[in-house]
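# Analysis of the macromolecular model
Residues per chain are reported as follows:
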Amino acid sequence: MHTSIERAPDPRQIPYARHVPTLALTALAPASWGTTYVVTTELLPPGHPLFAGMLRALPGGLFALAITRALPRGDWWWKATVLGALNIGALYPLLFIAAERLPGGVAATLGAGQPLMVAGLAVAMLHIKPTAWRLAWGVLGVVGVGLVVLGPQARLDALGVLAGLSGTATMAAGIVLIKRWGLPAGVGPLTLTGWQLTAGGLLLLPLTLVIEGAPPRIDAGAVGGYLWLGGVGGLLASTLWFRGIGKLPVGASAPLVLLSPLVAAVIGVALGESLSAVQMCGFVLALAALLAAQLDSPKPTGRWGRDRSPTARAEKTASRAGHVREGETR
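The present account deals with the structure reproduced in this document. (Residues numbered from 1 in each chain as written. Predicted model: local features only at pLDDT ≥ 70, side-chain atom pairs only at ≥ 80, totals over all residues. Heavy atoms only, no water.)

## Section: the overall build of the protein chain
- A count of helices and strands for the protein chain gives 15 helices and zero strands.
- For the protein chain, with 330 residues in total, the buried portion stands at 46%.
- Surface accessibility of the protein chain: about 16,100 Å² in total, with carbon and sulfur atoms responsible for 68%. (Helix = DSSP H or I, 4+ residues; strand = E, 2+ residues; numbered from the N terminus. Buried < 20%, exposed > 50% of the residue type's maximum accessible area, 1.4 Å probe, protein only. Areas by Shrake-Rupley, 256 points an atom, 1.4 Å probe, with all protein chains shown as cover.)

Rendered as structure tokens:
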């Protein structure tokens, strides 16, 4: 007797079209982060990156906890703390330091190297070897962004460059760890975002009080800037981003950060800057790299190609159980 066994499809075999809604929503996060540079330089009081990072994280995190009413359990207390430190507590002030000390284009270009960092960490932590296709387009994406935002007037501050690269590295590590750990049962993206924003904000709070304090003057423009960065660029964007990381392949979500420097460049044009022919070529190249990374969906083979994330392991176990039950019914 043959019994039809319905199995969940392998995510690596899902047609690209099914990822489009998730990709579109996830892309809104790095697009909103592209406004960080202009908001920081035009609206926020200078010299207070810790205060800006804390205010961007803690209120939104507490708000999310009040809505979800869910606290971490078991080992997720330390996991949420680690993710909050990487994705929020370290990342936010580093971004503001880079934004203050570097032209927006230079700071954005440093962030464009994140897909390559994610690829390297994925090899070490997830045992997923990136394809030559994605590595090549990752390099071309950085080149494209560089052509858009770097010019002869680019000012390179050593501390700003170090902060930008460090922020990119911490976010890359956070992406890979989320893919490695997955989500605990019954926990959604908003809950995970609330845990991380709260953990990162609490880590920044004592540092802010001891090192910086509050700015001496916060005008209406600064209030609007903090609300935008905390509400849209913090809580909303982070929720969409962590939701996308959980649903998309790691190689597909990481290149979306190229949207951040491209949005920053578009904002510059809207404020009166102009793009040369070389910059336009770079813009097209960066967009092509972003799209090419989404279209690449190879079937991993061998030891390096196996996805060892919790989701993949659960699917593999369920598949084996299905085969056993199917054999028993024959």
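## Quick word on the environment of Phe242
- Checked against the element boundaries, Phe242 lands in helix H10 (residues 220-247).
- Judged by relative accessible area, Phe242 falls into the buried class, the value being 6%.
- Sequence separation between Phe242 and Thr26 is 216 residues, and the spatial gap between their C-alpha atoms is 8.2 Å.
- Contacts of Phe242, omitting those with residues within four sequence positions, involve Asn87, Ile178, Leu192, Thr193 and Gln196. (Contact = heavy atoms within 4.5 Å.)

## Focus: H10
- Between its first and last C-alpha, H10 extends 39 Å over 28 residues, near the 40 Å set by a 1.5 Å rise per residue.
- Taken as a whole, H10 carries its principal kink of about 35 degrees at Ala237. (Expected span 1.5 Å × (residues − 1). Bend = angle between axes of the 7 residues up to and from the residue.)

## As for the pattern of salt bridges
- Here the structure, examined in full by the defined rule, presents two salt bridges.
- For Asp75, the salt bridge identified is with Lys79, shortest N-O distance 3.5 Å.
- Exposure remark for Lys79: the relative accessible area of 12% places this residue in the buried category.
- Among the ionic pairs, Arg217 bridges to Asp219, the shortest N-O distance being 3.6 Å.
- On the basis of relative accessibility, which here comes to 60%, the residue Arg217 falls in the exposed class. (Salt bridge = Lys/Arg side-chain N within 4 Å of Asp/Glu carboxyl O.)

## Regarding the side chain of Thr36
- The residue Thr36 is located in helix H2 (residues 36-42) in this model.
- When sequence neighbours within four positions are dropped, the list of residues in contact with Thr36 reads Arg56, Phe96 and Leu229.

## Description of the side chain of Thr35
- Note that Thr35 resides in the loop between helix H1 (20-33) and H2.
- Residue Thr35 is classed as buried on the basis of its relative accessible area of 12%.
- Engagement of the side chain of Thr35 in a polar contact is seen with the backbone oxygen of Ser32, the distance being 2.6 Å.
- When neighbours within four sequence positions are excluded, Thr35 is seen to be in contact with Trp228 and Ile267. (Polar contact = N/O pair within 3.5 Å; in protein donor to acceptor, adjacent residues only side chain to side chain.)

## A few points about the environment of Gly186
- Considering the arrangement of structural elements, one finds Gly186 in the loop between helix H8 (158-181) and helix H9 (189-212).
- Given a relative accessible area of 85%, Gly186 falls into the exposed group.
- The sequence separation of Gly186 and Ala70 amounts to 116 residues, and the corresponding C-alpha distance is 9.9 Å.

## What about the nonpolar core?
- Among the nonpolar cores identified, the biggest contains 40 residues, and Leu83, Val118, Trp195 and Trp241 are the most heavily contacted of them.
- Every element with two or more residues in this core is listed here: H1, helix H3 (49-68), helix H4 (76-101), helix H6 (114-125), H8, H9 and H10.
- Examining the composition of this core, we find that eight residues originate from one element, H8, more than from any other.
- Dropping the residues within four chain positions of it, Leu83 is found in contact with Trp76, Ile88, Gly174, Leu177, Ile178, Trp181, Leu192 and Gln196.
- In terms of nonpolar packing, the next biggest core, distinct from the first, is built from 12 residues, Val39, Phe96, Leu204 and Leu229 among them. (Core = buried A, V, L, I, M, F, W, Y, C linked by side-chain atoms within 4.5 Å.)

## Structural notes on the packing of H4 against H8
- Their axes nearest at 8 Å, the elements H4 and H8 cross at an angle of 155 degrees. Put simply, H4 runs roughly antiparallel to H8. Considering only the axes of H4 and H8, their crossing is left-handed.
- Across the contact of H4 with H8, the residue classes tally to 18 nonpolar, seven polar and two charged. (Axes fitted to C-alpha atoms, helices over the stretch in contact; angles between N-to-C directions. Parallel < 35°, antiparallel > 145°, perpendicular 65-115°, else oblique. Left-handed = near helix turned anticlockwise from the far one by under 90°. Nonpolar A, V, L, I, M, F, W, Y, C, P; charged D, E, K, R; others polar.)

## What to know about the packing of H4 against H9
- The interhelical angle for the contact between H4 and H9, taken along N-to-C directions, is 65 degrees, at an axis separation of 7 Å. Handedness of the crossing formed by H4 with H9: right-handed. Residues Trp76, Ala80, Thr81, Leu83, Gly84, Ala85, Asn87, Ile88, Gly89, Tyr92 and Pro93 of H4 lie in contact with H9, whose contacting residues are Leu192, Trp195, Gln196, Leu197, Ala199, Gly200, Gly201, Leu203 and Leu204.

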